[in-house]
Amino acid sequence: MATGNYFTTYREEQRIFFTHIDGLLFALFLASFFLWPFFIELSSKYMLILDNILIAVIAVYGLNLVTGFGGLISVGHAAFVGVGAYTVACLAQIIGDQHVVITHAWPLMILAAGITGAVFGFIVGLPALRLKHLYLLMATLSFQLIFQWVVGFMDFFNQGQFIYVGRVFWFTGEVGRSVHYRFWYYVLLVTVVMLGFGVRNLLRTRYGRSLVAVRDNDRAADAMGMHPGFTKVFAFGLAGFFAGIAGAMQAYLNRGAGFETFTLHESIQYLAMTIVGGLGSLPGSFFGPAAIKILDLQMENLAGWAGNVLPSSLDLATGLRPLSFGLIIVLFLMFEPRGIANWWRILRSYVKLWPFRY
Amino acid sequence: MSYFLQLVFSGVVVGSIYALAAIGFVLIYKSSRVLNLAHGQLIAAGAYITYILTVWVGIPIYLSFVMSMIITFFLAMSVERIFLRRLIGEPIISVIMVTIGLMSIIDGVIYLTPFGSENFSFPAFLPTEPIMLWGTYLSYTQVVGVIITFVLIGAFSWFFKKSTVGISMRAVSDDQMASMSIGISVPKVFGLAWATAGLTAAAAGGILGNIVGLNFDTLHAFGIIVFPVVILGGLDSLPGAVVAGIIMGLTQQFASGYLDGNWGLNGTADLLPYIILLVLLLFKPHGLFGTHEIERV
């Protein structure tokens, strides 16, 4: 492992892995994620949570591009995820949820959902051609509310009731109930790795660098020949793409789409994941969703426990969730604005330089 | 015709409450350039505090209305003091995200109380028989609500135009550095802006609670409609907030009066403000009365 900065050319600095040992360690780390299900049997409840974390990671990639690297707040990310989910669900409703397109061509469906999400992202991002971040927040907020209205009131979307999506087929035949979560764990893991490398490489390209430049100073970026407006609109499109993919996979995993997973509260939850993980940091996209989903689980346990102890008819979980997410957003912004990714950075440099302090 | 007039009257009633709510939002934006996303939650909190004081404590409503305004004044001031004071100088994006967090926190707290799931309504303290006016019906609550709203709007306009504190608030919104150099305490003005916003929010919440009853979903939706209102009026314009509030109220009433039920549409009143907002952002982002910022490198 490299203990310091020994670059002699810019090309070296641009590499993803600085040494072979770094790459090897990363490969081992990745392999462990693929191999552990062969040794440990996890109950389907926890497998589902794991799958949900991975879906959230994909969505947070997108939100991190917009909010972290682009500096634009989006409070409509759950709606973009919803666009992806409803792309699959609506097609399932039109052609039947057991149709061969839904069950066999699911990778194409997921891609199509991503593209649909990207189109909506472009449309919502259009005000970016003229405006700065405050107004874009309003644009995403109104998209979120319009989405909620459209899904909640229109018959085509079953008025927000659950729309079923059939089980998918793999080479070995239909993916049954017993292996459903494990199958999607692998699909999600492959997607997360591919998209993760995609994001990492995107940030090394001309576009990724201009995105960061526009965030830091849009006027200077403009003067250097970048187009701040198009850069931002494109960031929204990319965020929509990631969200759409996450949504389609969520629809397949939950075997359908319902209204309540795409509300404003969910959008704030995605924002909390991004902030807690670390704005503008790729490792943060993994830490944030994991931390928030675990917190969510703990809050549910706490609510269940308190519901037994307290003679109360209230549903504590509906209150505790927004309370804890809001609190964690505020606390992280006040005391650790760079998120868990910063702790990871400190830990890594500590391990690299051990036994020396710095 | 009387149907039309009925819609106009109720549009003005709702719109003037929007105006009152929007004033607080504009105030915070004007003085500190922060979009306060938790404003709707402040309105809800004001409504619930009024209800608690009136019904559970048993204070006469005129007094409890004023008391809830004072309590929310200090509540908003302490929110500013605890959460936002230490973020002065941080990028504005993180301050806005803090208000998103606050929104979530207040939501959570309200869900933990009985108010989150049950409906309440204020006891009638005015005559309940409606007033007939040109073939339309108006309730006393609505009339009194509108009168209180306009009195408050007038009082605040006077406050900003004439009083020393108001003038210093306008000075800070104009140029922070310059106002610091002539001896205005900028953090104090920020705190005061938040506190005043809390005051107007509580007033709006109290009036709204009397007119439509206390349902958290309704109050929540009401709080979010403040955003289209302020964008329509221009983010930093107080008269704009008043005009836009009334326009939005009328639009909503006409939508629910004429669009709903026809062509298979339903609930358009909840949708239309956001479509207006998206279109405005594309074509006239500075609203009706907002200042056009000119940026130079």
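Just so it is clear, the structure is predicted and the values come from calculations on it, not from any experiment.

## Some remarks on the overall build of chain A
- Within chain A one finds 15 helices and 4 strands.
- The C-alpha radius of gyration computed for chain A amounts to 21 Å, which stays within 12% of the reference 21 Å derived for 358 residues, consistent with globular compactness.
- Across the 358 residues that make up chain A, the buried fraction comes to 51%.
- Across chain A, every contact between residues at least 6 apart in sequence was considered, and the portion connecting residues at least 24 apart equals 77%.

## With respect to the overall build of chain B
- A tally of regular secondary structure across chain B gives 11 helices and 2 strands.
- Along chain B, from the amino end to the carboxyl end, the secondary structure elements read α-α-α-α-β-β-α-α-α-α-α-α-α.
- Here the C-alpha atoms of chain B give a radius of gyration of 19 Å, agreeing with the 19 Å that 2.2 N^0.38 yields for 297 residues.
- For chain B, with 297 residues in total, the buried portion stands at 55%.
- The contacts in chain B between residues at least 6 apart in sequence include a share of 73% that link residues at least 24 apart.

## Examining the environment of Val-243 of chain B
- With respect to the helices and strands, Val-243 of chain B occurs in helix H10 (residues 238-259).
- Remark: the alpha-carbon pair of Val-243 of chain B and Gly-233 of chain B, spanning 10 residues in sequence, is separated by 6.8 Å.

## As for the confidence of the model for chain B
- In this model, chain B carries an average pLDDT of 81, and 94% of its residues clear a pLDDT of 70 or more.
- In the model output, the complex is listed with pTM 0.89 alongside ipTM 0.84.

## Some details on the interface of chain B and chain A
- Opposite the 50 residues of chain B that make contact, chain A presents 44 residues.
- Between chain B and chain A lies a buried interface of about 4200 Å² when both sides are counted; carbon and sulfur atoms form 81% of it.
- Counting across the chain B and chain A interface gives 0 salt bridges.
- Taken together, the links from chain B to chain A amount to 2 residue pairs in polar contact (both at pLDDT 80 or more).
- Going through the elements one at a time, helix H1 (2-32), helix H3 (61-84), helix H4 (92-112), helix H9 (216-233) and helix H11 (268-283) of chain B are the ones with two or more residues in the side of chain B that touches chain A.
- Considering only residue class, the side of chain B that touches chain A consists of 35 nonpolar, 10 polar and 5 charged.

## Description of the packing of helix H3 (residues 44-69) of chain A against helix H9 (residues 206-216) of chain A
Residues and elements named next belong to chain A.
- In contact at an axis separation of 9 Å, H3 and H9 are set at 40 degrees when each is read in the N-to-C sense. Considering their axes alone, H3 and H9 lie oblique with respect to each other. Between H3, through Leu-65, Gly-68 and Phe-69, and H9, the contact on the second element is made entirely by Leu-211, Val-212 and Arg-215.
- The class makeup of the residues in the contact of H3 with H9 is 4 nonpolar, 1 polar and 1 charged.

## Let's talk about the packing of helix H4 (residues 77-95) of chain A against helix H11 (residues 228-253) of chain A
All names here are of chain A.
- Viewed as axis vectors pointing N to C, H4 and H11 meet at an angle of 55 degrees, and their least axial separation amounts to 6 Å. Considering the angle they form, H4 stands oblique to H11. Both H4 and H11 take part in a crossing whose hand is right-handed. Residues His-77, Phe-80, Val-81, Gly-84, Ala-85 and Val-88 of H4 form the contact with H11, whose participating residues are Ala-239, Gly-240, Ala-243, Gly-244, Ala-246, Gly-247, Ala-248, Gln-250, Ala-251 and Tyr-252.
- Of the residues assigned to the contact of H4 with H11, the class counts are 10 nonpolar, 6 polar and no charged.

## Let's talk about the nonpolar core
- Core analysis: the biggest nonpolar cluster contains 195 residues, and Tyr-86, Trp-184 and Tyr-252 of chain A together with Leu-35 of chain B have the highest contact counts within it.
- Top element by residues in this core is H3 of chain A. It accounts for 15 residues.
- Trp-184 of chain A has contacts with Asp-51, Trp-106, Ile-110, Val-168, Met-249, Tyr-252 and Leu-253 of chain A, leaving out every residue within four places of it along the chain.

## Examining the pattern of salt bridges
- One pass over the structure, following the stated rule, counts 5 salt bridges over all chains.
- Across the pair Glu-41 of chain A and Arg-182 of chain A runs a salt bridge, and its minimum N-O distance is 3.3 Å. Within this pair, whereas Glu-41 of chain A is found in the loop between helix H2 (20-39) and H3, its partner Arg-182 of chain A is found in helix H8 (residues 180-202), the two being separated by 141 residues in sequence.
- According to the relative accessible area criterion, Glu-41 of chain A is exposed, its value standing at 65%.
- A salt bridge links Arg-85 of chain B to Glu-80 of chain B; the nearest nitrogen and oxygen atoms lie 3.1 Å apart.
- Via salt bridges that share partners, Asp-296, Glu-300 and Arg-321 of chain A belong to a single interconnected network.

## Notes on a nonpolar patch on the surface
Residue and element names in this part refer to chain A.
- On the surface, Ile-94, Ile-95, Val-100, Val-101, Phe-153, Met-154 and Phe-156 cluster together into a nonpolar patch covering about 570 Å² of accessible area.
- The set of elements that each furnish at least two residues to the nonpolar patch consists of H4 and helix H5 (100-103).
- When you line up the elements, Met-154 lands in the loop between helix H7 (133-153) and strand S1 (163-164).
- With a relative accessible area of 35%, Met-154 lands in the partly exposed category.

## Overview of the packing of aromatic side chains
Residue and element names in this part refer to chain A.
- Following the criterion strictly, the structure yields 33 aromatic pairs over all chains and no others.
- Judged by centre distance (6.4 Å) and plane angle (40 degrees), the rings of Phe-38 and Tyr-186 are tilted. A residue pair is termed long-range when its members are at least 10 positions apart, and Phe-38 in helix H2 and Tyr-186 in helix H8 qualify at 148 residues.
- For Phe-38, a relative accessible area of 59% puts it in the exposed group.
- A relative accessible area of 23% places Tyr-186 in the partly exposed class.
- An aromatic cluster of three or more residues is present, and its members are Phe-34, Trp-36, Phe-38, Tyr-185 and Tyr-186.

## Considerations on H11 of chain A
All names here are of chain A.
- Helix length check: H11, at 26 residues, gives a terminal C-alpha distance of 37 Å against a target of 38 Å (1.5 Å per residue), a fit within 8%.
- Burial analysis of H11 places 23 of its 26 residues in the buried class, the great majority of the element.
- Two residues or fewer after H11 comes Arg-255, characterised by a positive phi angle close to 60 degrees.

## Considering helix H8 (residues 186-212) of chain B
All names here are of chain B.
- Relative to the 39 Å expected for 27 residues at 1.5 Å per residue, H8 spans 38 Å between its end C-alpha atoms, a close match to the ideal helical length.
- Taken across its 27 residues, H8 has 22 buried, putting it largely inside the fold.
- Once H8 ends, the next one or two residues include Gly-213, with phi positive near 90 degrees.

## So, the environment of Leu-133 of chain B
Residues and elements named next belong to chain B.
- You can see Leu-133 is positioned in strand S1 (residues 131-133).
- Since its relative accessible area comes to 31%, Leu-133 is described here as partly exposed.
- Counting along the chain gives 32 residues from Leu-133 to Val-165, while the straight-line C-alpha distance between them is 41 Å.
- Discounting chain neighbours no more than four positions away, the residues touching Leu-133 are Phe-9 and Leu-138.

## Thoughts on the side chain of Arg-167 of chain A
Residue and element names in this part refer to chain A.
- Inspection of the secondary structure assignment puts Arg-167 in the loop between S1 and strand S2 (169-170).
- A distance of 3.5 Å separates the side chain of Arg-167 from the side chain of His-180, its partner in a polar contact.
- With near-sequence residues (within four places) excluded, Arg-167 lies in contact with Gln-98, Thr-103, Glu-174, Val-175, Gly-176, Arg-177, His-180 and Arg-255.

## Things to note about the environment of Gln-41 of chain B
All names here are of chain B.
- Relative to the elements of secondary structure, Gln-41 occurs in helix H2 (residues 39-57).
- C-alpha separation for the pair Gln-41 and Ala-195, spaced 154 residues apart in sequence, amounts to 14 Å.
- Beyond its immediate stretch of four places on either side in the chain, Gln-41 contacts Met-103, Ile-106, Asp-107 and His-220.
- At a separation of 3.2 Å, a polar atom in the side chain of Gln-41 contacts the side chain of His-220.

Criteria and thresholds
- Residues numbered from 1 in each chain as written.
- Chains lettered and ligands numbered in written order.
- Predicted model: local features only at pLDDT ≥ 70, side-chain atom pairs only at ≥ 80, totals over all residues.
- Heavy atoms only, no water.
- Helix = DSSP H or I, 4+ residues; strand = E, 2+ residues; numbered from the N terminus.
- Rg over C-alpha atoms; globule rule 2.2 N^0.38 Å.
- Buried < 20%, exposed > 50% of the residue type's maximum accessible area, 1.4 Å probe, protein only.
- Contact = heavy atoms within 4.5 Å.
- pLDDT = per-residue confidence, 0-100.
- Buried area = accessible area lost by both parts, 1.4 Å probe.
- Salt bridge = Lys/Arg side-chain N within 4 Å of Asp/Glu carboxyl O.
- Polar contact = N/O pair within 3.5 Å; in protein donor to acceptor, adjacent residues only side chain to side chain.
- Nonpolar A, V, L, I, M, F, W, Y, C, P; charged D, E, K, R; others polar.
- Axes fitted to C-alpha atoms, helices over the stretch in contact; angles between N-to-C directions.
- Parallel < 35°, antiparallel > 145°, perpendicular 65-115°, else oblique.
- Left-handed = near helix turned anticlockwise from the far one by under 90°.
- Core = buried A, V, L, I, M, F, W, Y, C linked by side-chain atoms within 4.5 Å.
- Patch = residues over 30% accessible without salt bridge, like charges linked within 9 Å, V, L, I, M, F, W, Y side chains within 5 Å.
- Areas by Shrake-Rupley, 256 points an atom, 1.4 Å probe, with all protein chains shown as cover.
- Phe/Tyr/Trp six-rings, centres within 6.5 Å; stacked < 30°, edge-to-face > 60°.
- Expected span 1.5 Å × (residues − 1).

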